[in-house]
Amino acid sequence: MLNASDTILNNLNAKQREAVESIEGPLLVLAGPGSGKTRVITHRIAYLTRVFGVAPRNVLAVTFTNKAAKEMSERLESLIGTNETNYRNPTVGTFHSLGVQILRSHGDRIGINKDFVIYDQADQLSTIRRSLDQLGLDPKRYNPNAILAGISGAKNQMLTLEDHAAKRTHYFEEIVHRVYELYDNLLNRANAVDFDDLLMKSVLLFQNEPEILKLYQDRYLYVLVDEYQDTNVCQYNLMNQITEHHKNICAVGDPDQSIYSWRHADIQNILNFENDYPEAKTVLLEQNYRSTQHILDGAKAVIAPNQQRKDMPLWTDKEAGPPINLIISSSEQEEALSVVSEIVRLEREGLAQPGGCAIMYRTNAQSRALEDAFNRYGMPYHLIGGLRFWERKEIKDVIAYLRVIQNPSDDVSLNRIINVPNRSIGQKTVEELTTWSIENNVPLYSALKVALTDSEQAATDSNGPRLQTRAVKSIKALLEIFDSFVRDSKNISIVELLDVVTEKTGYRQSLLNEDDGEERWDNVQELRTVAAQIEELDGELALSAFLESASLASDIDKIEDESGAATLITLHQAKGLEFPTVFIVGMEDNLLPHSRSKEDPVQLEEERRICYVGMTRAKERLYLLRATHRSLFGSRLSNPPSPFLANIPEIKTQGTNDFSATENKKTILEMPAIDLRAGDHVEHTSYGEGIVIGILPETGDAQITVAFKGNAGVKRLLYSLAKLRKL
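Just so you know, these numbers come straight off a predicted model, no measurement behind them.

Chemist: Looking at this structure, how should I read unusual backbone geometry?
Modeler: Note on backbone geometry: most residues besides glycine have negative phi, and most peptide bonds are trans. A cis amide bond, omega -5°, links Val420 with the succeeding residue Pro421. In this model, Leu592 is joined to Pro593 through a cis peptide bond whose omega is 10°. Position of Pro593 relative to the elements: it lies in the loop between β13 (579-584) and α27 (601-615). Of note, Met158 is a non-glycine position whose phi angle comes to about 65°, a positive value.

Chemist: What's the story with the layout of surface pockets in this structure? I'm lost.
Modeler: By rolling a water-sized probe across the atoms, one finds the places where empty space is left. Its volume calculated, the second largest pocket comes out at about 630 Å³. Lining the second largest pocket are 23 residues, with Lys140, Pro421, Asn422, Gly506 and Ser510 sitting closest to its centre. Secondary-structure elements contributing two or more residues to the lining of the second largest pocket are α22 (469-489) and α24 (507-512). Looking at the lining of the second largest pocket, its residues break down into nine nonpolar, eight polar and six charged.

Chemist: Explain the nonpolar core to me, please; I cannot follow it from the model alone.
Modeler: Where a protein is soluble and globular, its nonpolar side chains tend to be buried together. The biggest cluster of nonpolar side chains holds 55 residues, and the ones touching the most others in it are Leu98, Phe206 and Met239. When residues of this core are assigned to domains, at least three map to each of domain 1 (4-107 + 204-287) and domain 2 (117-190). Excluding anything up to four places from it in sequence, Met239 contacts Val62, Phe95, Leu98, Val223, Val225 and Ile249. Core analysis: the second largest hydrophobic core is formed by 52 residues, Leu527, Ala545, Ile691 and Ala707 among them.

Chemist: Which parts of the structure should I look at to understand the pairing of strand β7 (residues 249-253)?
Modeler: On a regular strand, one side chain projects to one face of the sheet and the next to the other, so that they alternate. Of all five residues in β7, five are buried; the element is thus mostly enclosed. Here β7 shows a buried face lined by Ile249, Ala251 and Gly253 and a second buried face lined by Cys250 and Val252. Examined bridge by bridge, strand β1 (residues 27-31) and β7 share four bridges and lie parallel to one another. Bridged to Leu27 within β7 is Cys250. Here three bridges tie strand β6 (residues 222-225) to β7, and the two strands are oriented parallel to one another.

Chemist: Would you explain the pattern of salt bridges in this entry?
Modeler: If the charged atoms of two oppositely charged side chains come close together, the side chains can form a pair. Applying the stated criterion across every chain, the model contains 37 salt bridges. Here Asp397 and Arg416 are joined by a salt bridge, their closest N and O atoms 2.7 Å apart. Of this pair, Asp397 sits in helix α18 (residues 393-406) while Arg416 sits in helix α19 (residues 411-417), and the two are 19 residues apart along the sequence. For Arg416, a relative accessible area of 32% translates into the label partly exposed. Salt bridges linked by common partners bring Lys37, Asp226, Glu227, Asp230 and Lys575 together as one network.

About the thresholds
Residues numbered from 1 in each chain as written. Predicted model: local features only at pLDDT ≥ 70, side-chain atom pairs only at ≥ 80, totals over all residues. Heavy atoms only, no water. Helix = DSSP H or I, 4+ residues; strand = E, 2+ residues; numbered from the N terminus. 1 Å grid on protein atoms, 1.4 Å probe; cavity = no way out; pocket = protein on both sides within 12 Å on 5 of 7 lines; lining within 4 Å. Points joined across faces, edges and corners; volume = space filled by probe spheres on them. Nonpolar A, V, L, I, M, F, W, Y, C, P; charged D, E, K, R; others polar. Core = buried A, V, L, I, M, F, W, Y, C linked by side-chain atoms within 4.5 Å. Buried < 20%, exposed > 50% of the residue type's maximum accessible area, 1.4 Å probe, protein only. Domains from an automatic or database assignment. Contact = heavy atoms within 4.5 Å. Pairing = 2+ DSSP bridges. Salt bridge = Lys/Arg side-chain N within 4 Å of Asp/Glu carboxyl O.

In structure tokens form, the structure reads like this:
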């Protein structure tokens with residue numbers, strides 16, 4: 001019968017076992033991707049408690065996400081069980097949950113009531129805006145998100161208000177400091193803390209109250225930190241404080257997977273661990289259980305040029321597997337089609353299932369072309385970490401503006417954007433207008449017109465809606481701008497109309513002032529890429545065709561996800577996951593690596609790590625894709641290949657001709673091969689010339705949506721009957 005030690009150590013490789021059995025003193029576990037780091041952490045806790053005799057309550061394990069903490073706890077339960085009294089169990093949780101525990105128990109020593117509330121990002125931004133208002137600062141000039149980022153950065157670097165005052169070097173930092181002071185006062189008045197406070201104030205508590213710190217030092221005799229490469233200054237200090245005397249800290253991580261500098265993670269924490277703890281033991285988990293040797297060799301070659309790293313000779317006892325494939329396409333649409341076609345081929349030949357395939361990209365805006373391809377050919381997919389392109393708020397807002405321009409009677413669309421961005425038309429005003437329009441059986445737009453007319457004529461006997469003077473002024477401005485949009489829509493291109501709408505309404509600036517504003521603006525700019533496909537049509541027809549295309553896409557997006565759906569995900573979101581088959585699209589200079597990193601060697605190294613993380617998610621097959629031309633963020637780009645591709649020693653290059661696209665499309669759609677795509681110019685014997693704006697599968701056939709010139713308008717035709725001639 002196996003004893004506890006054998007049970008815990010069984011099935012561990014030599015390096016994993018060494019890490020588990022190294023008990024006393026500081027330990028650095030450099031864990032390559034797929035090397036079993038969570039297994040090492042949980043088995044080490046089990047070994048500490050069941051073999052070495054450490055009381056479970058004396059063990060602390062911290063990580064970054066609730067999901068990771070939950071997985072760790074579940075694995076521990078199967079190894080050591082749980083005690084009905086949580087006090088006797090190991091403490092397993094996130095850094096922030098540890099901060100909550102510390103401040104709830106002892107925060108009163110630094111003036112924090114134990115019943116404090118935690119402000120999320122929306123609450124924080126609201127408080128920032130209140131601070132700006134009280135300081136008489138214009139939020140249009142001083143971006144609330146930028147100021148919040150400045151305050152968050154200061155707190156993550158342990159800069160108190162006094163410390164920050166000493167580090168001001170330019171005018172914007174002076175503004176941040178002034179807001180920081182009032183922001184903190186407002187939080188204190190509300191008995192609130194933000195997420196950064198949970199960590200910074202815990203560190204300050206320990207600094208100011210050494211007897212409280214000693215309670216935690218005596219409680220947590222053994223500390224394990226997961227993803228150590230992602231720790232910031234606060235987290236680093238907090239762990240050092242708790243382990244200051246016994247120094248039983250086990251740091252587990254991989255500097256090659258440090259990709260969160262924008263969250264203030266400091267890669268130097270893990271790189272300098274052996275300097276911080278000269279007596280530290282280092283164990284390298286080099287055996288990869290996930291990927292084939294071809295994939296590992298390619299990933300290692302990509303990461304090797306980085307200077308800020310520790311070399312790990314990763315290896316696997318898995319077969320070499322197929323070579324890494326490079327697929328070169330002429331556009332992002334062809335790139336997306338290549339992905340769909342290859343998934344179909346792999347499924348047909350029994351080599352992979354769609355549910356085991358992940359398509360990864362550097363920026364969220366890249367998902368649009370992929371979503372269109374999956375929708376076009378009826379292949380289900382999951383979009384991770386965000387709404388599908390056509391469901392995103394900013395996209396729906398802009399589409400709503402265009403729909404009102406085309407059809408002012410569209411009450412749903414007008415309701416959506418009547419006060420977006422804020423133009424002082426409050427909810428009460430909207431309700432009064434809506435009630436009047438319903439009672440009089442007229443569109444909401446007509447109610448606006450009547451309210452304005454009555455106000456201008458000072459009508460006292462009118463039965464129209466009664467509104468405040470301020471609301472009437474806002475309505476007048478709104479109607480004037482919509483009248484100008486209607487005129488413009490007849491004379492300018494759809495792309496130009498998009499620009500005019502987002503600029504004149506103030507929507508662009510409003511969006512850029514919001515959280516994730518730049519990325520959301522990139523999504524709006526991606527609408528220009530869609531619009532450019534029908535830019536040659538006359539104004540009104542182009543608007544009609546564009547909205548038709550958007551409606552089709554939205555309807556398709558509402559199809560329920562099916563089991564076995566492929567996964568669409570950003571490279572950042574993919575960290576910690578694995579898939580049998582991985583496609584990384586957009587392997588182009590200025591995209592991966594991102595253009596923002598080109599002048600900064602430190603950021604360029606992080607871009608390599610992002611690529612490395614993506615490549616090492618693949619278990620069996622890895623495809624790298626690039627397009628010779630790409631429309632993104634409203635611009636047509638001709639990016640050179642990503643410089644990372646040149647580092648890969650063995651790569652099989654496939655052009656689009658290597659894929660039997662028409663054969664695969666037939667498999668997907670169960671229809672004849674179609675030599676058409678959105679944007680193609682066609683001619684119909686009755687309707688004349690037009691532009692294809694959509695293709696949908698139809699049993700044994702396909703439905704082609706075409707925007708024809710002249711009076712024909714938008715038509716949906718069966719491909720087999722339409723006899724369209726491609727021009």
